[in-house]
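Topology and contacts: notes
Read off the chains here:
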Amino acid sequence: MYFKVLFMNEQNQQTLDTLQDIKRMMERSSRFISLSGLSGIAAGICALVGAWFARNEFKPYYKSYDYRGGYAADDFQELKFRLLVIALSVLAAAWVSAFYFTWRKARHNKLPVWDLTAKRLTINMLIPLVAGGLFIMAMYQYNDWKFIAPACLIFYGLALVNASKYTLSDVRYLGLLQILVGLISTQFVGYGLYFWALGFGVLHIIYGFVMWWKYERNA
Amino acid sequence: MKNPIIGLNKIFDNRIRLGIMSVLMVNEEINFNDLKQMLEVTDGNLATHLINLEDNGFIKVKKGFVGKKTNTTYSVTKAGEKAFTDHIAALENMIKGVK
């Protein structure tokens, strides 16, 4: 009898292992699971630093505005160009640092960083992101600055909601919050930068920390 | 009581065949190289098991081209889906049965 129980336990353990193997294989082959929480924190810090630089650009512009007593086209073009350079630098820095931490996590878990799931995630994230980027560039082209920050937040949020089907499902909540912040900011024209910093900076950092706490703290 | 082992499929005894089926259940279509990367197996080993599953009617093979390179993709058949879900159900029953 004792031997029978022992045998059953061993067999049970094997069956459990098999089921866990199946589950792991299904998860690993359909979602990109190496996304690191530290990537979110790094991207958030980049955004906050960028927002600080951007804010400093507004100071001389308003000073000159007050001094001249009105709007000056060349000042506006100068500001526009400087803000674009900051925005693109932030984008590049955020992508590089986010990629680094995710690459590190994948290597640590001995998983390939550029596999089918990573490709799927990238494509599905890029569709709303590129559409939004081009739309925002058109607003920039026509000097329609009012809704640039809300559009950044909303399109990025939509990109995350779409991407969440191909990676950790928690990304969906970050996306929904970005959309919400973007929509609220449409009602506060002129404060776009602060909402932008809240969405891309603060939310990223909070999300990143929560993800790190949930999945990586003990790894 | 129903015999819990009914539904267990000998074909899925093999770890690689079980892995192939797991991946195909959640991916509509997948090509040879992606499958190889996910399961971490050699070409020959993977090919043998794919042929076995195809012969049993559990998977469909589609041969195509990407540029000049051949691109073979695999997907699960209705029969394969049924056999695999039965197999999982049987495994789950075995665990429940012992408790």
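Residues numbered from 1 in each chain as written. Chains lettered and ligands numbered in written order. Predicted model: local features only at pLDDT ≥ 70, side-chain atom pairs only at ≥ 80, totals over all residues.

For chain B, the helix and strand inventory stands at four helices and three strands. Of the regular secondary structure in chain B, the N- to C-terminal order runs α-β-α-α-β-β-α. Projected onto its principal axes, the C-alpha coordinates of chain B cover approximately 55 × 25 × 20 Å. Relative to its full complement of 99 residues, chain B shows a buried share of 26%. Taking contacts inside chain B between residues at least 6 apart in sequence as the whole, the part at least 24 apart equals 55%. (Helix = DSSP H or I, 4+ residues; strand = E, 2+ residues; numbered from the N terminus. Buried ≥ 20, exposed ≤ 12 C-beta atoms within 10 Å, placed from the backbone. Contact = placed C-beta atoms within 7 Å.)

Here we take up the overall build of chain A. Secondary structure summary: chain A contains seven helices and zero strands in total. Listed by position from the N terminus, the elements making up chain A come as α-α-α-α-α-α-α. By the compact-globule yardstick of 17 Å for 219 residues, chain A is too spread out, its C-alpha radius of gyration being 23 Å. For chain A, the proportion of its 219 residues judged to be buried stands at 32%. Contacts in chain A between residues far apart in sequence, at least 24 positions, make up 74% of those at least 6 positions apart. (Rg over C-alpha atoms; globule rule 2.2 N^0.38 Å.)

Residue and element names in this part refer to chain B. Bridge count for strand 1 (residues 30–31) against strand 3 (residues 69–76) is two bridges, and the pairing is antiparallel. Looking at strand 3, one finds that Ile30 is bridged to Tyr74. Relative to strand 3, strand 2 (residues 59–66) is paired through eight bridges, and the arrangement is antiparallel. Of the residues in strand 3, the one forming a bridge with Lys63 is Thr72. Taking the residues between adjacent antiparallel strands as the criterion, strand 2 and strand 3 are bridged by two residues, where Gly67 takes a positive phi near 70°. (Pairing = 2+ DSSP bridges.)

Residues and elements named next belong to chain B. On average, residues of chain B carry a pLDDT of 89, and 93% of them reach 70 or more. The secondary structure element of chain B with the lowest average pLDDT is helix 4 (residues 78–98), at 89, and the one with the highest is helix 3 (residues 43–55), at 96. Both scores are available for the predicted complex, with the pTM at 0.84 and the ipTM at 0.83. (pLDDT = per-residue confidence, 0-100.)

This paragraph deals with the interface of chain B and chain A. Facing the 15 residues of chain B at the interface are 15 residues of chain A. With six residues, the single largest contributor to the side of chain B that touches chain A is helix 1 (residues 15–26) of chain B. Across the side of chain B that touches chain A, the residue classes break down as ten nonpolar, four polar and one charged. (Nonpolar A, V, L, I, M, F, W, Y, C, P; charged D, E, K, R; others polar.)

Right, let's get into helix 7 (residues 192–216) of chain A. Compared with the 36 Å implied by 1.5 Å per residue over 25 residues, the 33 Å span of helix 7 of chain A between its first and last C-alpha is a close match. Maximum bend of helix 7 of chain A: about 30°, positioned at Leu198 of chain A. (Expected span 1.5 Å × (residues − 1). Bend = angle between axes of the 7 residues up to and from the residue.)

A rise of 1.5 Å per residue sets the reference length of helix 3 (residues 73–108) of chain A, with its 36 residues, at 52 Å; its end C-alpha atoms lie 53 Å apart and thus fit the reference within 8%. Looking one or two residues beyond helix 3 of chain A, the residue adopting positive phi is Lys110 of chain A, at roughly 55°.

Below, the discussion takes up unusual backbone geometry. Even without being a glycine, Lys110 of chain A presents a positive backbone phi close to 55°. Relative to the helices and strands, Lys110 of chain A is located in the loop between helix 3 and helix 4 (116–141). Residue class for Lys110 of chain A comes out exposed when judged on the 7 C-beta atoms lying within 10 Å of it. Despite not being glycine, Glu40 of chain B has its phi angle at roughly 55°, a positive value. Turning to its location among the elements, Glu40 of chain B is positioned in the loop between helix 2 (32–39) and helix 3. Judged by local crowding, Glu40 of chain B falls into the exposed class, with 11 C-beta atoms found within 10 Å.

Residue and element names in this part refer to chain B. Interaxial distance between helix 1 and helix 2 falls to 11 Å at its minimum, and their mutual angle equals 120°. It follows that helix 1 is oblique to helix 2 by the angle criterion. Like other packed secondary-structure pairs, helix 1 and helix 2 cross with a definite hand, here right-handed. Contacts between helix 1 and helix 2 pair Ile16, Gly19, Ile20 and Val23 from the former with Leu35, Met38 and Leu39 from the latter. Residue composition of the contact of helix 1 with helix 2, by class: six nonpolar, one polar and no charged. (Axes fitted to C-alpha atoms, helices over the stretch in contact; angles between N-to-C directions. Parallel < 35°, antiparallel > 145°, perpendicular 65-115°, else oblique. Left-handed = near helix turned anticlockwise from the far one by under 90°.)

Moving on, we get to the sheet that holds strand 2 of chain B. Residue and element names in this part refer to chain B. Read from one edge of the open sheet, three strands run 1-3-2, paired in antiparallel fashion. Each edge of the sheet is formed by a strand with only one pairing partner; in this case those strands are strand 1 and strand 2. Across the sheet, helix 1 touches strand 1, strand 2 and strand 3, and the angle it forms with strand 3 is around 85°.

Residue and element names in this part refer to chain B. Looking at the element boundaries, Ile6 is found in the segment before helix 1. Ile6 gets classed as exposed once you count the C-beta atoms within 10 Å, which come to 10. The spatial distance from the C-alpha of Ile6 to the C-alpha of Met21 is 19 Å, given a sequence separation of 15 residues.

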